[in-house]
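# Descriptive analysis of the structure
So you can see what is in the structure, the chains are spelled out below.
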Amino acid sequence: MHNSTNENTAISDYLINVIKENPNIPTFLLKKDGQNGFAVIYANDAATSILQPFEQSSLEKLSNQLQTLLVSNEKYKFHQNIPFNIQKHHYKYDVAIMLLENGIEMVYGVTMYDRTKDEIEKSILKRYKDKYLSLFNNNLDSIISVCENGNVLDLNVITSKILGYDPKILVGQPIEQLIEENSMRNFQLMVKQTLTGYATEMQNCLIRHDNGHYLPMYIKALPIEINNNVIGLHLVLRDTKTESDEQEQLYYLAYHDHLTGLWNRRALKEHLRDTLMNAEPGTEISVVRIDLDRFKMINESLGYNYGDELLKKIADRLGLYIDKSNNLYRQSGDEFVFIVIGKTRDETSEFAENILIELSKPLYLDHQEYFVTASIGISMFPYDGKKMDELLIKADQALYIAKDRGRAHYRYYQEQMNLAFPNDALMESHLRRAIEKEEFSIHYQPQVNLVTGEINSFEALLRWNNRKFGYVSPMNFIPLAEESGMIMQIGDWVLEEVCKQLKYWQEKGYRPVRIAVNISPKQFVQDNFAVKIHEKIQKYDIKPSSLEVEITESAMTDMQDTFTTLKELKDIGVVISIDDFGTGYSSLSYLKKYPIDIIKIDQSFIKDMELDDKNAAIATTIIQLAHSLGMEVIAEGVEKDRQVEILKSANCQKAQGYLFSKPVPIEDINESYMQYKKP
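Figured I'd write up the structure that's included with this text. Along each chain, the written sequence defines residue order, and numbers are assigned to residues from 1. For a predicted model such as this one, the threshold for reporting local features is a pLDDT of at least 70, and the threshold for listing and counting side-chain atom pairs is 80 or more; totals across whole chains, interfaces and linings nevertheless cover every residue. In computing side-chain values, all of the structure's heavy atoms are included and hydrogens and water are not.

The subject of this paragraph is the side chain of T159. With respect to the helices and strands, T159 occurs in helix α5 (residues 157-163). Polar contacts, as used here, are pairs of N or O atoms within 3.5 Å; protein pairs need one atom able to donate a hydrogen and one able to accept it. Residues neighboring in sequence count only if both atoms are side-chain atoms. Among the polar contacts made by the side chain of T159, one reaches the main-chain amide nitrogen of I143 at a distance of 3.1 Å. At 2.5 Å, the side chain of T159 and the side chain of N156 are in polar contact. The secondary structure listing takes helices from DSSP runs of H or I that are at least 4 residues long and strands from runs of E that are at least 2 residues long, numbered from the N terminus.

Okay, the packing of aromatic side chains next. Any Phe, Tyr or Trp ring, taking Trp's six-membered ring, that has another such ring centre within 6.5 Å forms a pair; planes under 30 degrees apart are called stacked, those over 60 apart edge-to-face, and the others tilted. Enumeration over the complete set of coordinates arrives at 11 aromatic pairs. Both rings, one in F440 and one in W464, keep their centres 6.2 Å apart while their planes meet at 55°; by these two values the pair is tilted. Of the two residues, F440 is situated in strand β18 (residues 440-449) and W464 in strand β19 (residues 455-466); the sequence distance between them amounts to 24 residues. When a residue's accessible area, from a 1.4 Å probe over protein chains only, is under 20% of the maximum for its type it is buried; when over 50% it is exposed; and in between it is partly exposed. A relative accessible area of 7% means that F440 is categorised as buried. Note on W464: relative accessible area 0%, which makes it buried. Our definition puts a charge over a ring when NZ of Lys or CZ of Arg is within 6 Å of the ring centre and also within 35 degrees of the ring normal. The residue whose ring lies beneath R345 is Y412, and the NZ or CZ to ring-centre distance is 3.8 Å.

Right, let's talk about the sheet that holds strand β6 (residues 142-147) for a bit. Strand pairing is defined by DSSP finding a minimum of two bridges between the two strands. Sheet architecture is open: 5 strands sit in the order β7-β6-β10-β9-β8, paired in antiparallel fashion. Looking at the sheet topology across the chains shown, the edges are occupied by β7 (152-155) and β8 (200-208). Neighbour-to-neighbour, the strand axes of the sheet open up by a mean angle of 30°, direction not taken into account. Pairing between β8 and strand β9 (residues 214-226): 7 bridges, direction antiparallel. By the bridge assignment, E201 is partnered in β9 with K220. For helices, the axis comes from a line fit to the C-alpha atoms of the stretch in contact; other axes are also lines fit to C-alpha atoms, and the angle between any two N-to-C directions lies between 0 and 180 degrees.

Turning next to the pairing of β18. Counting buried positions along β18 gives 8 out of 10 residues, so the element sits mostly inside the fold. Pairing between β18 and β19: 9 bridges, direction antiparallel. Each bridged residue has a counterpart across the sheet, and for H443 the counterpart in β19 is L461. Between the antiparallel neighbours β18 and β19 lie 5 residues, among them G453 with a positive phi of about 80°. Here 2 bridges tie β18 to strand β26 (residues 654-655), and the two strands are oriented antiparallel to one another. Across the sheet, residue V448 finds its bridge partner in β26, namely A655.

The subject of this paragraph is the layout of surface pockets. Considered as a void within the structure, the second largest pocket measures approximately 850 Å³ in volume. Lining the second largest pocket are 32 residues; nearest its centre among them are N186, H258, D612, K614 and N615. Of all the secondary-structure elements, those providing two or more residues to the lining of the second largest pocket are α7 (181-194), β8, α8 (246-255), α11 (304-319) and α22 (613-628). In terms of residues, the lining of the second largest pocket owes the most to one element, α22, which gives 5 residues. Side-chain classes follow a simple rule in which Ala, Val, Leu, Ile, Met, Phe, Trp, Tyr, Cys and Pro form the nonpolar group, Asp, Glu, Lys and Arg form the charged group, and the remainder, Gly included, forms the polar group. Classifying every residue of the lining of the second largest pocket by side-chain character gives 9 nonpolar, 13 polar and 10 charged. In this analysis a 1.4 Å probe is tested at points of a 1 Å grid over the protein atoms alone, and where it fits but cannot get out there is a cavity; an open set with protein on both sides within 12 Å along at least five of seven lines is a pocket; lining residues have an atom within 4 Å of a point. Grid points are joined across faces, edges and corners, and a volume is the space filled by probe spheres set on the points.

Strand order across the open sheet formed by 5 strands is β12-β13-β11-β16-β17, with mixed pairing between neighbours. Unpaired on one side and paired on the other, β12 (326-332) and β17 (410-412) mark the two borders of the sheet. Sheet twist, expressed as the average angle between the axes of neighbouring strands with direction ignored, equals 20°. Relative to strand β16 (residues 374-381), strand β11 (residues 285-292) runs antiparallel, the two sharing 8 bridges. Looking across to β16, one finds that V288 is bridged to I378.

This part covers the packing of helix α10 (residues 295-302) against α11. Packing of α10 against α11 leaves a shortest axis separation of 7 Å and a crossing angle of 140°. Classified by the interaxial angle, the pair formed by α10 and α11 is oblique. Side by side, α10 and α11 meet where F295, I298, N299 and L302 of the first sit next to Y304, Y306, G307, L310, L311 and I314 of the second. Roughly parallel means an angle under 35 degrees; roughly antiparallel, over 145; roughly perpendicular, 65 to 115; everything else is oblique. What makes two residues a contact is simply this: any of their non-hydrogen atoms within 4.5 Å.

Our next topic: a negative patch on the surface. For patch building, the residue pool is restricted to those with more than 30% relative accessible area and no salt bridge; the joining distance is 9 Å between like charges and 5 Å between nonpolar side chains (Val, Leu, Ile, Met, Phe, Trp, Tyr). Here, Shrake-Rupley sampling with a 1.4 Å probe gives the accessible areas, and only protein chains in the shown set may cover a residue. Whenever Lys or Arg places a side-chain nitrogen within 4 Å of a carboxyl oxygen from Asp or Glu, that contact is recorded as a salt bridge. Positive charges come from Lys and Arg, negative ones from Asp and Glu, while His and the chain ends are left out of the count. Each charge is placed at NZ for Lys, CZ for Arg, CG for Asp and CD for Glu. Together, D346, E347, E350 and E353 give the surface a local cluster of negative charge. Summarising the element assignment, E347 is placed in helix α12 (residues 345-360).

Take α7 next. Any helix carries an expected span of 1.5 Å times its number of residues minus one. Taking 1.5 Å of rise per residue, the 14 residues of α7 would be expected to cover 20 Å, and the 20 Å separating its terminal C-alpha atoms lies within 8% of that figure. Along α7, the positions that sit buried rather than exposed are S183, M184, F187, L189, M190, V191, Q193 and T194. Where α7 is buried, its residues meet β8, β9, β10 (229-239) and β12. A side-chain oxygen of the first residue of α7 lies 2.8 Å from the backbone nitrogen of N182; this N-cap is E180.

Now for unusual backbone geometry. Residues F381 and P382 are joined by a peptide bond in cis, for which omega reads 5°. A positive phi is found at N204, a non-glycine position, where the angle reads about 55°. Looking at where N204 falls in the secondary structure, it is placed in strand β8. Positive phi outside glycine occurs at H367, with the angle close to 65°. Mapping H367 onto the fold places it in the loop between β14 (363-365) and β15 (368-370).

Before going further, it helps to spend a moment on the pairing of strand β13 (residues 335-341). In terms of burial, β13 is largely enclosed, as 6 of its 7 residues are buried. In this structure, β11 lies alongside β13, joined through 7 bridges in antiparallel fashion. What sits directly across from V287, in β13, is I339. Looking at chain direction, β12 and β13 are connected through 6 bridges and run antiparallel. Note that in β13 the partner of N327 across the bridge is I339. Adjacent in sequence and paired antiparallel, β12 and β13 are bridged by 2 residues, among which G333 carries a positive phi angle near 40°.

Residues grouped as a nonpolar core are buried Ala, Val, Leu, Ile, Met, Phe, Trp, Tyr and Cys residues, joined through side-chain atoms within 4.5 Å. Formed by 85 residues in total, the largest nonpolar core has its most connected members in V498 and L569. Top element by residues in this core is helix α16 (residues 487-508). It accounts for 9 residues. By size, the runner-up hydrophobic cluster in this structure holds 33 residues, among which are L189, L292, A374 and I376.

That is the geometry; function is a separate question.
Spelled out as structure tokens, the structure:
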């Protein structure tokens, strides 16, 4: 090849200058060389780097292709996107055929474009598309894709078989036309939550078959994201009549509030933690805590059934404000929380004002008008803190001030609000002296045999009466003890006192009883935990079976270490129970692997079970699961006679709660429950 014009003086200087002005685009000029050949008369450096390594074969290939393009009587001709492969590179080129001024020479300008990368990317995209379609079409679960406005985008083959619809008819139709009226509220809530970017679930949604009857379905809703924007969702459907996976049901319960269907406190903490971790620089995030004013009065005057109905109506109103930037959670009782993403302080203020206006509108129940107001506390990331707990606490402090200063308005967190709350450092210093100053005591809550009415076991519960703060709630000082590390010392004191009490009853000849002791996760993971238990049993010479070690699911994070510790405890002879069952550990596999004696159903599963058939069914499922594995079941938080009837019908062995007795001092236990053994 030659980068000169000497071989053909007829070539226009203009043409070569044009090529030189675009040095990065591979371009060269050809002329006829013999009957079937072509010769390169000019090539820029970019073209030379392509053709030079295999010039002869490349030119021959080009020659063959160019022969088919010759049109003798045309002065100008342009051919575009002609494929041309060299080695593993895939080019396309454009050819401009130019008849020069003297009419003698035909000159061919060739511009080449490397399409190798494009072809590879197309191949990769096609492979991903094929994988997606394979997963979608061959899935054994029914899947319906829905766009952001609620219309059906697509459905897989099995959906047509299960629901009977022709895809051509269903695509483009609103998905809500398939949902039964009583399921609509929770379905709409699920869709709203999913469009904020979180996968969501729904139990027992009634979906209409093409022939008109309704099928109960368990639904998983998965957001469809493109470039970090949610553009729709996939609905994964399963027939609940054949659904036997208790783990999925318990997982759903662990993250949803049973009364309103909203996300619960556990979901709030996990979602807020993830949102803060993934926040882009400059993003503002608000924690908006909403507490209903004087709602206790409504419960006391109308009853809890009416109160629950009003809470559901209030949840529906708040649900109107769920969108891609706002998600809603039921924190507890009459308290709700919004996580608001990407709104400025002014926009958040407008949001809070709209909430207050919405809640001030009358509510109707049984044709009677009621009014409910609310107070709101707000903290903002990153100004008020960057950690989940810090933002939640500061929003709570702002809420406290809003309630204290007249209710029915909102407040942002301010630094001086800390002055209205007990100093954690001061409380910690008092906590460290609590054992020394004999401020701790243990109360005992009876566990009642639901068949016989007998009481032969109790749960030991720690109480703290401080000389400065008075009675401090365990919800306040236990987390402080955990965080400061004092829980180890306090836990050892509780074990010591319980063993002393068991020894006392044993020496006095009282009837045999068992006491359950709550064990902190930090205590449980100690290397010598089982050894400590054994030493205390030997020290007080008590029966190992009279002591029950109660651990939470969250303590069992390491399967091998957990199994080793539990086996050591079983070898000693103590009873092992799992507290707050269904609210912590996400796998049920440990139930069959670990030597567990008792499952304690968390009180959140017992509350309202007499009003909601689904809650009752859930508790029954847990009881049946435990019995199938040879375990005893104790229900916590029992407060109503109807709850006892449901539990008895499910063959639950024991229950504890305020219906039978609140936790009471040891003197009351000795007087009311303990008896001498019959000779």
